[in-house]
Amino acid sequence: QVQIVESGGGLVQPGGSLRLSCAASGSIFSTYAMGWYRQAPGKQREFVARISSGGSTNYADSVKGRFTIGRDSAKNAIYLQMNSLKPEDTAVYYCNAVVTRYGSVSRDDYWGQGTQVTVSA
């Protein structure tokens, strides 16, 4: 099995910063990519940022220039540094990992339980 654990959410004022962390563990043969998604109340889950095994990054337009995704490949871990936070960034943030498990030939998606980020004065 594969476990995804996030941490680092909380309450922050507009303009502030937060850093989210995520670690994948378990029967992982290789990691294709890891990323962050978020879901605000009453809205669908949306893409935030992604980093591939080669280090390539992608960001949603709404967070470009404010959020930075990075990784520690040796630990199958990523982080999301969020600066200049806005009230519209309020959401539950989910970590995603696309991995191949030992004994498998497919790439599968795994999700964390989510961590709440609230941006409010």
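Peer 1: Describe the nonpolar core, listing the residues and the values that go with them.
Peer 2: Membership of the largest hydrophobic core comes to 30 residues, with the highest contact counts inside it found for Trp36, Leu80, Met82 and Tyr93. Elements that contribute at least two residues to this core include exactly strand E1 (2-7), strand E3 (18-26), strand E4 (28-39), strand E5 (46-52), strand E7 (67-72), strand E8 (77-82), strand E9 (91-101) and strand E11 (115-119). Top element by residues in this core is E9. It accounts for five residues. When residues no more than four places from it in sequence are discounted, the contact partners of Leu80 are Leu18, Arg19, Leu20, Trp36, Val48, Ala49, Phe67, Thr68, Ile69 and Tyr93.

Peer 1: Explain the packing of aromatic side chains to me, using residue names and the numbers behind them.
Peer 2: Geometrically, a pair of aromatic rings is defined through the distance of the ring centres and the angle of the planes. In this structure the tally under the stated criterion is three aromatic pairs. Aromatic side chains Phe29 and Tyr102 sit 5.5 Å apart centroid to centroid with 75° between the ring planes, which places their arrangement in the edge-to-face category. You can see Phe29 sitting in strand E4 and its partner Tyr102 sitting in the loop between E9 and strand E10 (108-111), a full 73 residues away along the chain. Taken individually, Phe29 and Tyr102 each receive the classification exposed, so the pair is uniform in this respect. Seen in terms of ring centroids, Tyr37 and Trp111 are 5.0 Å apart; in terms of plane orientation they differ by 70°. Their pairing is edge-to-face. Of this pair, Tyr37 sits in strand E4 while Trp111 sits in strand E10, and the two are 74 residues apart along the sequence. On the basis of relative accessible area, Tyr37 is assigned to the partly exposed category, the value being 22%. Among the aromatic residues, those joined into a cluster by ring pairs are Tyr37, Phe47 and Trp111. In this structure, Arg19 packs its charged tip against the face of Tyr79, placed 3.8 Å from the ring centre. Residue placement shows Arg45 over the ring face of Trp111; its charged tip is 4.7 Å from the ring centre.

Parameters at a glance
- Position labels on residues start from 1 in each chain and follow its written sequence.
- pLDDT decides what is reported in this predicted model: residues at 70 or higher carry local features, side-chain atom pairs at 80 or more are listed and counted, and totals for whole chains, interfaces and linings draw on all residues regardless.
- Remark: hydrogens and water are excluded; side-chain values derive from all non-hydrogen atoms of the structure.
- Nonpolar cores were defined as sets of buried Ala, Val, Leu, Ile, Met, Phe, Trp, Tyr and Cys residues, with membership established by side-chain atoms within 4.5 Å.
- Each residue is placed in one exposure class: buried if its accessible area under a 1.4 Å probe, protein chains only, is under 20% of its type's maximum, exposed if it is over 50%, and partly exposed if it falls in between.
- Helix and strand definitions here come from DSSP, where helices need a minimum of 4 consecutive H or I residues and strands a minimum of 2 consecutive E residues; each element is numbered from the N-terminal end.
- Any two residues having at least one pair of non-hydrogen atoms within 4.5 Å are treated as being in contact.
- Here a Phe, Tyr or Trp ring, Trp counted by its six-membered ring, pairs with any other such ring whose centre lies within 6.5 Å, and the pair is stacked when the planes are under 30 degrees apart, edge-to-face when over 60, and tilted otherwise.
- Remark: a charge is flagged as sitting over a ring if the NZ atom of Lys or the CZ atom of Arg is within 6 Å of the ring centre and within 35 degrees of the ring normal.

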